[in-house]
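Here is how the chains run, residue by residue.
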Amino acid sequence: QVQLVESGGGLVQAGGSLRLSCEVSGGTFSSTAMGWFRQAPGKEREFVATIRWNNGGTYYADPVKGRFTISSNNAKNTVYLQMNSLKPEDTAVYYCAAGRPILSAIRDQRMYTAWGQGTLVTVSS
């Protein structure tokens, strides 16, 4: 049974930084990409960023471009999300997910079949 465990969430002031981690373990699940998604209170879950294992290709949602960076350590089966210049509107539960998305749907959460439990990020103004 594959498990994804996020860590690194917390409370930060606007303009600050946080780094989220997601460790993948267990099972024989073979993913081609790892993504970060977030769900703010009262809103639907939305795409944040994705990285492909094979070539390190990265994809970002427009609201986080230039502020967030997704990276991976393949040897550790770990994916990171470095979040800089945080804004109150970044407040959400952040989830990592693993899947085998086709390139044209790499931002579609339906392409991801394994999910972590989420970690809360709160940005105060």
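Computed from a predicted structure; not experimentally measured.

**Digging into the pairing of strand β8 (residues 78–83)**
The buried fraction of β8 is high, at 5 of 6 residues. For strand β3 (residues 18–25) and β8, the ladder comprises 6 bridges, and the chain directions are antiparallel. Of the residues in β8, the one forming a bridge with C22 is V79. As defined by bridge partners, strand β7 (residues 68–73) adjoins β8 across 6 bridges and the pair is classed as antiparallel. From the neighbouring strand, F68 faces β8, where its bridge partner is M83.

**Focus: the state of the cysteines**
Among covalent bonds in proteins, the disulfide is the one between the sulfur atoms of two cysteines. Per the stated rule, a full pass over the model turns up 1 disulfide. Across a sulfur-sulfur distance of 1.9 Å, C22 and C96 are joined as a disulfide pair. What sets the handedness of the C22 and C96 disulfide is the S-S torsion sign, and at about 50° it is right-handed. Here C22, found in strand β3, pairs with C96, found in strand β9 (residues 92–99); they are 74 residues apart in sequence, far enough to count as distant. In this structure, C22 and C96 share a single accessibility class: buried.

Quick notes on the rules
Residues numbered from 1 in each chain as written. Predicted model: local features only at pLDDT ≥ 70, side-chain atom pairs only at ≥ 80, totals over all residues. Heavy atoms only, no water. Buried < 20%, exposed > 50% of the residue type's maximum accessible area, 1.4 Å probe, protein only. Helix = DSSP H or I, 4+ residues; strand = E, 2+ residues; numbered from the N terminus. Pairing = 2+ DSSP bridges. Disulfide = S-S within 2.5 Å.

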